[in-house]
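# Examining the three-dimensional arrangement
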Amino acid sequence: MTEETTIQRRSGGRTAAKMALVAVGMFGFGFAMVPAYQVFCEVTGFNGFVSNEASAGPGDMEYDPDRKVTVEFVATVNGSQPWTFRPKQSRMEVTPGELYTAYFVAENQYEGSTVSQIIPSVAPGTAGRHFKKTECFCFTEQRFAGSEQRKMPVTFFVDPALPERNQTVTLSYTLFDIRDGDLPEYDEEAAELHAGAPQSAD
Amino acid sequence: MTATTHDTHDAHHHGPPPGFFKRWLFTTNHKDLGVLYMVFGLLMFFIGGAMAMVIRAELFQPGLNLVDPHFFNQMTTMHALVMIFGAVMPAFTGLANWLIPVQIGAPDMALPRINNWAFWLLPAGFVLLLATLFLPGGAPAGGWTMYPPLVLQLGDSFPFLILAVHILGISSIMGSINIVATILNMRAPGMTLMKMPMFVWAWLITAFLIVAVMPVLAGAVTMLLTDQYFGTSFFSAAGGGDPVMFQHIFWFFGHPEVYILILPAFGIVSAIIPTFARKPLFGYSSMVYATASIAFLSFIVWGHHMFTVGMPLAGQLFFMYATMLVAVPTGVKIFNWMATMWQGSMTFETPMLFSIAFVLLFTIGGLSGVMLALAPVDLQYHDTYFVVAHFHYVLVTGAVFSIMAAVYFWLPKWTGHMYDEKLGKWHFWLSTISVNVLFFPQHFLGLAGMPRRIPDYAVQFAEFNMISSIGGFVFGLAQLLFVYIIVKCVRGGQKASSGVWEGAKGLEWTLPSPAPYHTFETPPAVK
Amino acid sequence: MNQNKLTRLFVASTAALAMLFSAGAAAESDWRRPWGVNLPEGVTSLSQVAYSMHMLTFWIVTVIGVAVFAGVFFSVWKYRKSQGAKPATWHHSTTVEIVWTAVPFLILLGIAVPATQAMIKMEDTSGYEMTVKVTGYQWMWEYEYLDEGIHFYSRLDRDSDRARQRNPEIRPRDVEHYLLNVDNPLVVPVNTKIRFLLTANDVIHSWWVPELGWKKDTIPGFVNEAWAEIQEPGTYRGQCAELCGRDHAFMPIVVVAKTEEDYEAWVAEQQEEVNGDVAVDDDDLSDMEMDDLMALGEDVYDNQCMACHQAGGEGMGDMFPALAGSDKVLGDRDEYKSILLDGVSGTTMQSFASLSNQELAGVLTYVRNAWGNDDDGGDVFQPADVEDAR
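Report follows, based on the coordinates. (Residues numbered from 1 in each chain as written. Chains lettered and ligands numbered in written order. Predicted model: local features only at pLDDT ≥ 70, side-chain atom pairs only at ≥ 80, totals over all residues.)

## Digging into the overall build of chain A
Helix and strand content of chain A: 2 helices and 9 strands. The secondary structure elements of chain A, listed N-terminal to C-terminal, are α-β-β-β-β-β-β-β-β-β-α. Out of the 202 residues belonging to chain A, those deemed buried represent 40%. Restricting the contact set of chain A to residue pairs at least 6 apart, pairs at least 24 apart contribute 78%. (Helix = DSSP H or I, 4+ residues; strand = E, 2+ residues; numbered from the N terminus. Buried ≥ 20, exposed ≤ 12 C-beta atoms within 10 Å, placed from the backbone. Contact = placed C-beta atoms within 7 Å.)

## Describing the environment of methionine 191 of chain B
Residue and element names in this part refer to chain B. Examined against the element boundaries, methionine 191 turns out to sit in the loop between helix H5 (157-185) and helix H6 (198-229). Since 24 C-beta atoms lie within 10 Å of it, methionine 191 is described here as buried. Taking the C-alpha atoms as reference, methionine 191 lies 28 Å from proline 16; in sequence the two are 175 residues apart. Among residues more than four places away in sequence, those in contact with methionine 191 are Ile104, Gly105, Met196 and Val526.

## A short note on the sheet that holds strand S7 (residues 142-144) of chain A
Residue and element names in this part refer to chain A. As summarised here, the arrangement of the 5 strands in space is S3-S1-S9-S5-S7, forming an open sheet in which the pairing is mixed. Unpaired on one side and paired on the other, strand S3 (91-94) and S7 mark the two borders of the sheet. Pairs of neighbouring strands in the sheet enclose a mean axial angle of 30°, with direction left out of account. With 3 bridges joining them, strand S5 (residues 114-123) and S7 adopt antiparallel strand pairing. If you follow valine 115 over to S7, its bridge partner there is arginine 143. (Pairing = 2+ DSSP bridges. Axes fitted to C-alpha atoms, helices over the stretch in contact; angles between N-to-C directions.)

## Digging into the sheet that holds strand S2 (residues 140-145) of chain C
Residues and elements named next belong to chain C. Here we have 5 strands laid out as an open sheet, ordered S3-S2-S1-S5-S8, and mixed in their pairing. Looking at strand neighbours, the two that pair on one side only are strand S3 (150-154) and strand S8 (224-229), the edges of this open sheet. Across the sheet, the axes of successive neighbouring strands diverge by a mean angle of 25°, strand direction being ignored. Inspection of the sheet shows strand S1 (residues 130-137) paired to S2 by 6 bridges, in the antiparallel sense. Following the sheet pairing, valine 134 is matched in S2 by tyrosine 143.

## Looking at the interface of chain B and chain C
Between chain B and chain C, the contact holds 86 residues from the first and 95 residues from the second. Elements with a minimum of two residues in the side of chain B that touches chain C: helix H3 (69-104), helix H7 (243-260), helix H10 (313-341), helix H11 (350-373), helix H12 (375-381), helix H14 (421-447) and helix H15 (462-491) of chain B. Of the residues that constitute the side of chain B that touches chain C, the class distribution is 55 nonpolar, 23 polar and 8 charged. (Nonpolar A, V, L, I, M, F, W, Y, C, P; charged D, E, K, R; others polar.)

What follows is the structure in structure tokens.
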């Protein structure tokens, strides 16, 4: 400025620069909340976070063979797309620590071929991290031929660390038709990760 | 309206540059910019208010009487955005611009050019935002909270909304950096931090909040933008994202934002009550600490906006406890204002009336806030008119009343004339009575089960809605009187002395009224 | 106006308000009637916990509020310059400040204990006896009974829908339960712990019935859970509580709680209907009569299309084009069919391919012939035409 403000007590430039840095940092912080939130959810099971990646099998994990937990299965189709999608079984009694396979059936009611991505969610949210899938149709996108109906397996076990108060765990799948949109980056990485994993097929 | 203060500073030896555009477009003078901010805020107050009138008119009776539900949603969304970012924040920034330098004995703001820039971004941002009303699909209609996936259905107005939010964010960040730089560097010798007027303190803390959280909002809306156009899936479950994460990021900004809208009000009331009680502010240092603790707590309570999204128990309990804690420093402030009045010698000019109404009605808003903090009952209150009543008590009878109090309090200093006290009292009583008629019944509506953001409602809610709408129309009309009083005062009136008020204390009252264009070029001595 | 008069007016008006507040909240009136002022006590243990927490906090904050009002009014009355009050000079008292920091803190602690207990209870879904899956749609609800194999959609009832149009044929006040009634209510048994699984199809909604004591967001891609055990048979009404687009206000929730026996009977009836369901059979491609097509089509139109394209097909603004006199509707048959089957990308017109061939044939015929669209006389679409276009 001109002589009008020459009698400044101190120039504010330094403070302003520092504050601008804070602002830039907080902009970054907003983005950092994304991975931080994911890690946080993974650790705490916040908001029904379920890993969409394959776990190792239960191995020789110690468990109580008499304990029973109910696993419920539900399926939802997202958007008004011509699909049917439902679990083959509405519930199973499982022993935490043992491997099970459940089946879901999806049908593409389009004439043409299409691609879907199926996303898992678990209720109660805190049980999510104790629900482990060793093999799942949800790990990668699923291609469907026109009018194709397909039975798809998910192989899972419930971690014996599941708290005693959880007598029921609900596994919910939502099917998204992603035919038109490009596959998000996130999925392709996940797909690569699990390229070796056996894929569902009828 | 911008021309109205034109001739008031000319008496001084080097006044403002001649020529309307030269003066107002390129001005770097803190007083000019303060005036610009406040006039802009007033204009937006009426635009946002007109939207509120549409809302209340539609809700006057059950049935879809005037507007389409889609347009109604545009009104609720735009009303919030215009009032928050266009009216209240600019009005506070205007007060800060005008008052902080004269209250700390500085010749101007630390960064005068940035000051000019920060202001002129605002009209640009609002032209973008308001222009969406004329787009084929209309203005944003997904709520000011912009929750995905709904916000991604907006259509053409979506990119305008995002860009406008960015511009408004940059404007307020620049304004705030300037305020921090001014307060930390430009104080007159002897003006230690703990001698600063409460308004300066409140704004220092508010400015830190703005710099900390506005960029987070910018980040959140940037993610919305890339989700919509660049194939990312931060908030889309299909790509491994989570729509609830947006709510976390948004409210990490949003809750401090609520305090950004109220802390400067605390500062204003802390200046006015001691003046008219003729007694020093009770517990100055505890006021400072209470303000700082409220600001700190605002960062860890965001989850109370999200009790219904399905957070695990531990999260809900944490956010419930943290939120309840906010009541403690807020209570301290209320009690301190009461103690300031106790054994004072009070007179009741318009600024004092607005301040007393602020203390009482803000208390109602604060107490319903305590009720809302309780997670098990919030599952009933959430997203109902009870919440609408709560935050309008905080933001209208809180923030807006404090701004009106401030205008009446400092108007003689700005214009050199006393405002019309009789009309001021009329304005106060009309506003105070109608605002309660407007918002008090909304508590009942919410408790009886009326959700917010609906253009039409079940017949059982008809009576309270009609009363509320009548209150709304009267409140809206009463504000025309406010403008008339300001214009009248700018144009003339009884000469104001330099002290203006009998009990006024502080550097600004040592200046003549109206204050010269340049002040404190030589630092005053502060004892 | 002189100061005294003003102050008296201020005291009187604010005191009247305070009284209204406490009187209102204390009144045990039926909240569903006009002038209902308080939270319903509800019919589940959770709603009763919420209610008692609400009343407890309400009285605590009322007492604090009255104390603050009284303190301010006393000062305003006593310490006024016009009465010759001389200002004191004190401005600090550590003791007093500690007291009014500590006392609110202790009060809050007192409220936090029952609130915590209530939260723990709310989150505990164990021991449930049945599961209902709730899916939010723009703008209706879908209910699925996990074990009973019952599944249906629940939309705003026909009368409310007619009354909520601009310039309606019937007035809202003439509709019983205006905006709080649906075609298919959720039917549940009393004295049964019901677990709700909540998710959404498109955007976030929130499922709320005040008398059950809670609302819970339904989030696309995610599943939430909640529970209720209804104590009394009756009809309980609620609404979507999260802004979900244009018709957010028009997707009510109705829960009908029946005694166990009545519920069993209802289930049996539903299952019979599902098994014997021949009303609309997708494989039946035989031709239908024009009148049947028009009747079915009007039904489908009212449920699926009217919200956007309006009752008379006049559309609404640029987003929702008019169907009456539309070139697209009256133009090429295949193009017209494909709009319904595939939707129109980049607009809010979605694909309706999930409807049956008969329903689509009906609505295609109806729209092509309604509202003076029938210039070339009875242009009919048969189920087989729709099947061809799929």
